[in-house]
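Now for the letters of each chain:
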Amino acid sequence: MKTKSLLPITILTILLCLGGGYLYFKEPKNSASEPMTESTAIETIKNEFPEFKEYPSDALPPKSIKTEKASDGWHVAFVQEGSGRPILSATCFFVDDEKNIMSKKTYNPSAEEDSTAEFSPMTCSPGACSLENCHGLNIKCGSNPPDMCTEMYEIGDNCLQYAECGVQNGKCQQVENPQFTQCASCVETCKDTNKDNNTQLFECESTCSTRGGQEEVTGSLSESEARAIAEESCIKGGESLAPGYYNENSKTWWFDANLNATREGCNPACVVSEVTELAEINWRCTGLIEPMGSSEEIKNLFAEKYPDYAATVAVSVDNETEDFSRGSVIFEAGAPGGIFLAAKVDGTWQIVFDGNGQIPCDLSTYGFPDDMLADCSEK
């Protein structure tokens, strides 16, 4: 009996030796019932690094604390300020929601470096001062401009091409711009005078922004190049496109479309992506009318399937019926994309193929139209 009782101890001893002699159990420092707060993040750092307990302080040289909320914690910067030079030095930390200090950075600007821009605790440097919102007229400036914007459209988005951000008095904020002010004022007037007529509202809003006679070249696509793509993809006999305007945030060209088939409460536009050089109709419906397009639902499916790219994934639908959709997907701006095919199964959209490989012909079992599988390959 004594021999048998020693067996578990012997096995445990061997495991301890193989594992370096230690058994380590990590107990979470923060429970779901205690959400991380800004003050908790600061206190966590001060407990680990006592040299920062004097922050903030108005004594010379002044010391301040700057914070920035992340999805899974807080970025915290302890900044030592100076006279004549806004920042002498800074030490930055990231504390996750379990009170773990995950990173530490330092910033020591050279004498020639301009440190007057608003300081970003996330990058631990004077951050870029850029437009952060993709849609709407409530301008937000900061150091975290979006990598990519959705192709949805809100009334007034056309005015964002005139919005400017800059550092004034050490703070990143909107810079007054007469073009933006005039455009935004025009949009508000359109809203007030067309409350009950969405079609007239969009028509009115489209007149709030005008450009000179020269063709605008904004990025990789000029207006004429984008228009050629739009005419090939979005319109047919008897239909037409209005002059285009460029959305800097989503990197897209928008052409108001006069289509033979219309939807009540909608003002369609042909949207051309500068990244994919593909075009699709954005119906720009307002009120209680649900857009019929599948792109937003499919984009959400890709975000669930590839969560690391949830914030940057972009979907463009090339061919669509009520129950089937084919198009392209890009996970990051500038990265190569792929093809997707989606089908409604029991009334719910499902991605049945995505990638750059050969499209299997057996997808026909879902009932795809022949033109969506014209380039499929038999296995």
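Residues numbered from 1 in each chain as written. Predicted model: local features only at pLDDT ≥ 70, side-chain atom pairs only at ≥ 80, totals over all residues. Heavy atoms only, no water.

Draft legend 1. Spatial organisation of empty space enclosed by the protein. Summed over all chains, the structure comprises one cavity of 30 Å³ or more. Counted as a void, the largest cavity has a volume near 30 Å³. Lining the largest cavity, in full, are Asp157, Asn158, Leu160, Gln161, Tyr245, Tyr246, Asn247 and Glu248. Of the residues belonging to the lining of the largest cavity, the class tally is three nonpolar, three polar and two charged. (1 Å grid on protein atoms, 1.4 Å probe; cavity = no way out; pocket = protein on both sides within 12 Å on 5 of 7 lines; lining within 4 Å. Points joined across faces, edges and corners; volume = space filled by probe spheres on them. Nonpolar A, V, L, I, M, F, W, Y, C, P; charged D, E, K, R; others polar.)

Draft legend 2. Molecular detail of the sheet that holds strand S17 (residues 338-345). Taken in spatial order, the four strands line up as S15-S16-S17-S18 in an open sheet, and their pairing is antiparallel. In this open sheet, the two strands that pair with only one neighbour each are strand S15 (314-320) and strand S18 (348-355). Adjacent strand axes in the sheet meet at a mean angle of 30°, parallel and antiparallel pairs treated alike. Pairing between S15 and strand S16 (residues 324-330): six bridges, direction antiparallel. Note that in S16 the partner of Ser316 across the bridge is Ser328. (Pairing = 2+ DSSP bridges. Helix = DSSP H or I, 4+ residues; strand = E, 2+ residues; numbered from the N terminus. Axes fitted to C-alpha atoms, helices over the stretch in contact; angles between N-to-C directions.)

Draft legend 3. Up close: the side chain of Arg326. Among the structural elements, Arg326 can be located in strand S16. Once residues within four sequence positions are removed from consideration, Arg326 is found in contact with Val317, Asp318, Asn319, Ile339, Phe340, Leu341, Ile359, Met372, Leu373 and Asp375. (Contact = heavy atoms within 4.5 Å.)

Draft legend 4. Region of the structure containing the environment of Ile45. Inspection of the secondary structure puts Ile45 in helix H2 (residues 38-48). Here the alpha-carbon distance between Ile45 and Val76, two residues 31 residues apart in the chain, equals 8.7 Å. Setting aside chain neighbours within four positions, we find Ile45 in contact with Val76, Phe78, Phe93, Val95 and Ile101.

Draft legend 5. Structural view of the environment of Ser130. Positionally, Ser130 belongs in strand S7 (residues 130-131). In this structure, the C-alpha to C-alpha distance between Ser130 and Cys141, residues eleven residues apart in sequence, is 5.5 Å. Each residue touching Ser130, except ones within four places of it in the same chain, is listed here: Lys140, Cys141, Gly142, Pro145, Cys165 and Cys172.

Draft legend 6. Region of interest: the side chain of Ser316. The topology assignment puts Ser316 in strand S15. Look past the residues within four positions of Ser316 in its chain and what remains in contact with it is Leu278, Gly327, Ser328 and Phe340.

Draft legend 7. Highlighting the packing of aromatic side chains. By the definition in use, this model includes 14 aromatic pairs. With a centroid separation of 5.5 Å and 90° between ring planes, the pair formed by Tyr55 and Phe78 is classed as edge-to-face. Placement of the pair is Tyr55 in the loop between H2 and strand S1 (63-70) and Phe78 in strand S2 (residues 73-80), with a sequence separation of 23 residues. Residue classification places Phe78 among the buried positions, given a relative accessible area of 1%. Look at Phe324 and Phe368: their rings are 4.9 Å apart centre to centre, the planes differ by 45°, and that puts the pair in the tilted class. Of this pair, Phe324 sits in strand S16 while Phe368 sits in the segment after S18; the two residues are 44 residues apart in sequence, bridging distant segments of the chain. A residue is classified by how much of its surface remains accessible, and Phe324, at 13% relative accessible area, is buried. Phe368 gets classed as buried once you look at its relative accessible area, which sits at 5%. Every member of this aromatic cluster is reached through a ring pair, and the members are Phe49, Phe52, Tyr55, Phe78 and Phe93. One residue, Lys63, lies across the ring of Tyr55, its end atom 5.9 Å from the ring centre. (Phe/Tyr/Trp six-rings, centres within 6.5 Å; stacked < 30°, edge-to-face > 60°. Buried < 20%, exposed > 50% of the residue type's maximum accessible area, 1.4 Å probe, protein only. Lys NZ or Arg CZ within 6 Å of the ring centre and 35° of its normal.)

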